[in-house]
Amino acid sequence: RPFAALALIIAVPEVPATDAHSPVGAAHQLGHERELQGGDQNAANVQLDPKRDLREGRRPHCILHVGPHKTGTTTLQTVLAGRAGMLQRDGWHQPPPLPLGRPGMPHQSGAKNVANLAYYLQQPSPDPSQQIWQKFESWINARVRSGDNIVLSSEEFDLPSVDIAPLARVLAPFRTTVVVAHRLFFDWIFSMWRQMKHGWKGTLLTWLQAGSHHQEGIENHWANLIYTNPVVRRYAWHFEDIRMLDLTPTVAETFICSHLRAPLTCASLNETSTTAANVRQSSTIQTRDEVCAAQGGCLGQNVRTWLLEQTIRDEREVSLMLRPPSSVNETALSLQFGALGVCFCDS
């Protein structure tokens, strides 16, 4: 699918309604589930019926959640793994334990099981005779024969090194929806920094400047690779139905109730509270000097401007993909940005 076709809807505010099977229609699909964030009262009551779909010749569903990192993925995957049996009663199947995906990468299990598949696809030339692909393909074929719906979730699918084409081919028998999570850029980038700073020999500023071709420029390497918008562009080449999942305190409930429409599991989540996983809690309130020291110094006003402008640009891009297109409240974004607790230089 030509990239230019997807870029068209990003660049032009007024785009006529179009069929969902066209590239522009696929772009319109991005963000559809954001409309359900307030709670679609009927979504969880519409139970999918795999056997009926099979009898009537309809393809089973696949929900492919591709991250990106730092958007509530561990919380969501913990819920999926912890309620696998109930989800299966709702008609949603998850892969069996998968073997090592790539030499040199850790073997993942439990909630992170699907990461092994992503590691396999990250190889320069994935070998289809490798044990993990053989096992995954065999499982896929069995699900297709039974008409079973499947759900796959891993933030490791967000890297540009992932070879999406083999995955798209093996999922061709399914009606696949790609779910890409979304978090405000300035919130996401600092969450990435907090996770990666222990392995970075430098300050927050030098990390933000990583990948920039200009000494004073800010062009973060990770932002150009695995933030929501570039991930969407890559998957739009291979899949027509791409939807967005906002990071909220109820991200797991939204995914289960609105994307999967799994009534039993949805009801169980509504009866209990979901505990966020892989979240660092600060036990003390830091002073400005302490925050500045932790960053390795204050950030200049040019960095502040870049962070806010980049966030506004990304939000505009996403808003144009919604049906109907939404507006971006720049004042609200500025207020949220001001509450980040980041140390900026006074001038």
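Preceding block: the structure.
Here is what the cut-offs are and how they apply
- Residues numbered from 1 in each chain as written.
- Predicted model: local features only at pLDDT ≥ 70, side-chain atom pairs only at ≥ 80, totals over all residues.
- Heavy atoms only, no water.
- Helix = DSSP H or I, 4+ residues; strand = E, 2+ residues; numbered from the N terminus.
- Contact = heavy atoms within 4.5 Å.
- Areas by Shrake-Rupley, 256 points an atom, 1.4 Å probe, with all protein chains shown as cover.
- Disulfide = S-S within 2.5 Å.
- Buried < 20%, exposed > 50% of the residue type's maximum accessible area, 1.4 Å probe, protein only.
- Polar contact = N/O pair within 3.5 Å; in protein donor to acceptor, adjacent residues only side chain to side chain.
- Pairing = 2+ DSSP bridges.
- Axes fitted to C-alpha atoms, helices over the stretch in contact; angles between N-to-C directions.
- Phe/Tyr/Trp six-rings, centres within 6.5 Å; stacked < 30°, edge-to-face > 60°.

## Details of the overall build of the protein
At step 1: For the protein, the count of helices and strands is 17 helices and five strands.
At step 2: Relative to all contacts within the protein whose residues are 6 or more apart in sequence, the contacts with residues 24 or more apart total 75%.
At step 3: About 16,500 Å² of surface is accessible on the protein, with carbon and sulfur atoms providing 52% of the total.

## Considerations on the state of the cysteines
At step 1: The final tally for this structure, using the stated rule, is three disulfides.
At step 2: The disulfide that involves C298 links it to C345, with 2.0 Å between the sulfurs. Its S-S torsion of approximately 90° makes the covalent link between C298 and C345 right-handed. Of the two residues, C298 is situated in the loop between α15 (288–295) and α16 (301–321) and C345 in the segment after α17 (330–338); the sequence distance between them amounts to 47 residues.
At step 3: Since its relative accessible area comes to 33%, C298 is described here as partly exposed.

## Remarks on the side chain of H182
At step 1: Inspection of the secondary structure puts H182 in strand β4 (residues 175–182).
At step 2: Accessibility expressed as a relative area gives 4% for H182, which makes it buried.
At step 3: Polar contacts involving the side chain of H182 include one to the side chain of D246, which spans 3.0 Å.
At step 4: Within the local environment of H182, its side chain forms a polar contact with the side chain of E315, the two groups lying 2.6 Å apart.

## Side note on the sheet that holds strand β5 (residues 241–246)
At step 1: What the five strands build is an open sheet, ordered β2-β3-β1-β4-β5; its pairing is parallel. Only two strands of the sheet have a single neighbouring strand rather than two, namely β2 (92–93) and β5.
At step 2: With two bridges joining them, β2 and strand β3 (residues 149–153) adopt parallel strand pairing. From the neighbouring strand, H93 faces β3, where its bridge partner is I150.
At step 3: Along the sheet face, helix α12 (residues 228–236) touches β1 (61–65), β4 and β5 and points at about 165° away from the line of β4.

## Structural notes on the environment of H61
At step 1: Along the chain, H61 falls in strand β1.
At step 2: For the pair H61 and V151, spaced 90 residues apart in sequence, the C-alpha to C-alpha distance is 8.4 Å.

## Focus: the pairing of β3
At step 1: Here β3 lies mainly inside the structure; five of its five residues are buried.
At step 2: Of the two faces of β3, the one holding N149, V151 and S153 and the one holding I150 and L152 are both buried throughout.
At step 3: For β1 and β3, the ladder comprises four bridges, and the chain directions are parallel. Counted as the bridge partner of I63 is V151 from β3.

## Some remarks on the packing of aromatic side chains
At step 1: Enumeration over the complete set of coordinates arrives at 11 aromatic pairs.
At step 2: Taking the centre distance of 5.3 Å and the plane angle of 85° together, the rings of F185 and Y227 count as edge-to-face. With F185 in helix α9 (residues 185–196) and Y227 in the loop between α11 (223–226) and α12, this pair connects stretches of sequence that are 42 residues apart.
At step 3: Among the residues examined, Y227 registers a relative accessible area of 2% and is labelled buried.
At step 4: Cluster of aromatic residues (ring-pair linked, three or more members): Y120, W133, F136 and W139.

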